Each structure stands twice: as structure tokens, then as C-alpha cells.
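So you can see what is in the structure, the chains are spelled out below.
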Amino acid sequence: FLKTRTEQTSLDAIMRRFTLSFSLFALKAAANITVDRKLDSIDLTLAGGPLGWDGSDWSVVVDGVMGGKSSGDVAFEDDGTTMVFSGTISLDGGGFSSVRMRALPSVPLDLSRYAGVVLEVEARPLGWSADDATAPLGMHLQLEDSTSAYDYSSAFAVPIGGDGVGTESTEIFLPMGSFDRASRFGFQCSACALDKTSISSMSLYVLFQRGAFEVRVRSIVAVREAASFPAPSVTFRSTDQLVALLQQTVAAGSAVYDKSYAEICIAMYWS
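Residues numbered from 1 in each chain as written. Predicted model: local features only at pLDDT ≥ 70, side-chain atom pairs only at ≥ 80, totals over all residues. Heavy atoms only, no water.

Asks: Now, about the overall build of the chain: what can you tell me, with residues and values included?
Replies: Helices and strands together make up the secondary structure of the chain, namely five helices and 16 strands. When the 271 residues of the chain are sorted by exposure, 50% land in the buried category. Accessible area for the chain stands at about 12,700 Å²; split by element, carbon and sulfur atoms hold 53% of it. (Helix = DSSP H or I, 4+ residues; strand = E, 2+ residues; numbered from the N terminus. Buried < 20%, exposed > 50% of the residue type's maximum accessible area, 1.4 Å probe, protein only. Areas by Shrake-Rupley, 256 points an atom, 1.4 Å probe, with all protein chains shown as cover.)

Asks: Mind laying out the state of the cysteines, listing which residues take part and the relevant values?
Replies: Counting across every chain of the model gives one disulfide. Paired through a disulfide, Cys 189 and Cys 192 show a sulfur-sulfur distance of 2.0 Å. A torsion of 80° about the S-S bond marks the disulfide between Cys 189 and Cys 192 as right-handed. For Cys 189, a relative accessible area of 18% corresponds to the buried category. (Disulfide = S-S within 2.5 Å.)

Asks: Would you mind going over the environment of Leu 91 in detail, with residue names and values included?
Replies: Tracing the backbone through its elements, the reader meets Leu 91 in the loop between strand E5 (82–89) and strand E6 (96–101). Taking the C-alpha atoms as reference points, Leu 91 and Phe 208, separated by 117 residues in sequence, lie 6.5 Å from one another. Every residue in contact with Leu 91, bar those within four places of it in the chain, is listed here: Phe 208, Gln 209 and Arg 210. (Contact = heavy atoms within 4.5 Å.)

Asks: Break down the side chain of Ser 183 for me, with residues and values.
Replies: Position of Ser 183 among the secondary structure elements: in strand E13 (residues 181–184). On the basis of relative accessible area, Ser 183 is assigned to the buried category, the value being 17%. Sequence-distant contacts of Ser 183, defined by excluding residues within four places in its chain, comprise Gln 142, Tyr 150, Asp 151 and Gln 188.

Asks: Can you explain the sheet that holds strand E14 (residues 187–188)? Please cite residues and give values.
Replies: An order of E3-E6-E15-E9-E10-E13-E14 is seen for the seven strands of this open sheet, with the pairing classed as antiparallel. The outermost strands of the open sheet, each flanked by one partner alone, are strand E3 (58–62) and E14. Across the sheet, helix H5 (residues 262–270) is in contact with strand E9 (137–145), strand E10 (151–158), E13 and strand E15 (199–207); its angle to E10 comes to roughly 25°. (Pairing = 2+ DSSP bridges. Axes fitted to C-alpha atoms, helices over the stretch in contact; angles between N-to-C directions.)

Asks: Just give me the short version of the environment of Arg 181, but keep the residues and values in it.
Replies: Here Arg 181 lies in strand E13. The class for Arg 181 is buried, based on a relative accessible area of 13%. Engagement of the side chain of Arg 181 in a polar contact is seen with the side chain of Glu 263, the distance being 3.2 Å. (Polar contact = N/O pair within 3.5 Å; in protein donor to acceptor, adjacent residues only side chain to side chain.)

Asks: Go over the nonpolar core, please, and point to the residues and values.
Replies: In a soluble, globular protein the nonpolar side chains are often hidden away together inside. Leu 141, Phe 156, Phe 179, Met 202, Leu 204 and Ile 220 are the most contacted members of the largest nonpolar core, which totals 40 residues. In terms of residue count, strand E16 (residues 211–223) provides more of this core than any other element does, five residues in total. Core analysis: the next-biggest nonpolar cluster, separate from the first, contains 12 residues, Ala 157, Tyr 205, Leu 207 and Met 268 among them. (Core = buried A, V, L, I, M, F, W, Y, C linked by side-chain atoms within 4.5 Å.)

Structure follows, in C-alpha cells:
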């Protein structure tokens, strides 16, 4: 979102205070190799895109496996070109909801020659007034490899965008090197590293942000070259609406930080 010098100073102060199923990755992957004109490189569509999503590849896993009470649902809209992941996060338990791809039954995918992953998502609507302002949604994309007991995640945030009417898509680049948060059943490994030559599955997570959520994903693409994208435009109807957005973002980000996930907190503030 738009940051003035005063707002950036405030955010800086806050930061100081809170210091891929077989058809997807194997045979079908060849059909999904495209030249992306915006990125000017040969890229590999991992999910979604022009060919749409294969709904049978994806399923929801929530924190009930850890005694939690969060919920989740996945649906496919717009003729199968948009995955809609929604649910409710409860902090009474694990505090997460995820949508996961089935593990590969065959040879995993080599992403070592790719610079990173680009997600195309729909920006979160701003809302009509200060009373219904919403924060960016903090998430992570998790990659699994076939050689490690751990999974590796990269944090990002679905930003606010638009003027409350219609939707606006935005793209987010995650460098391969950013998939460095190794975890397994709540345990972390600081010495572990993703085997980029042996990617076997992937997942999207929403964590530690109490209440209802919805994220609309259009595509997940492995890209040959690093990329940057402009932030969505935001139209504020009043100063109160801007202040409410900042307050909601600070509250949501600090809650994630308090759960020892600084990377998501930073992504939310940065978005």
C-alpha cells in the first residue's frame, strides 16, 4: 500500500519494536512451458495459468492434525482458471489452514535452473469504509523435496488493491533462495536446505491471522529470471480509511510476529 514518509517512519518504528500431483510436474509440465512476454524468459507453469487448475490435485489440510479448530475449503472458478482458497483461522490450536498438492508418485521436478517462483493472485479488496478495512493477508508457499524430512517455505503477502469495485490481479516474485524456512510438525531446522533438483510437491498456507480469509490464485510459475512487479493501486475514500488499514496491518502483522514468524510479518508490512 501507499507509504508516505511519516507512515514509513511509523512502520520502521514498529519493525524495530517487533524485530508440486504427477500430471502437474511431469508429463503435463511440458505442455505448460510458455514464453512469458512480461518476463521475457522461458518459464514453467506449475499450476493454473492458461490450462487452468486440476482440482483433483489439490486438497485442504488444517490444524486439526494438531488439535486446532481452523477450517479451509478450496474451489475452482472462472472456468477453472482461478483457485479460491478460503476458511477461518482459529488460534486455539495450530493456527493454520493450507491447500496442498498431492505428492508426486514418480521422478520429482528439477527447479535448480530457475530464479524463483511467481504467484499471480487477486489483490484483497480495500473495503468501502474504515469500519470494514482489512489487512494484507500473510501467507507462505511451501516446497517439498524428495530427499529431506523437512519442508521449505517462502513468506509473502497478498496486498490490498483496487477501489472496492471489481478485482485487480498482482504478481509476486519469490526467489528460490528465499525457500529457506525449514520446518516439520512445528520443528525448525536452521542447518537444512531445499534440494532444488528434487521438488516433489507444494502447498499454500495461511497462518496465525485470526478470522475468515479468502485468497484467489490464478497461477504459480517457475521463472528463469528474477522479476519485480508494481504494487496494486489503492484508492482511499478518507484519511480514516487509510488509518484503519494501517492499524489492521500492524495488528495482524504483530500477531504473526508473536508466533515467531517474522518473515510473514515483514512481508505484510512491506506490501
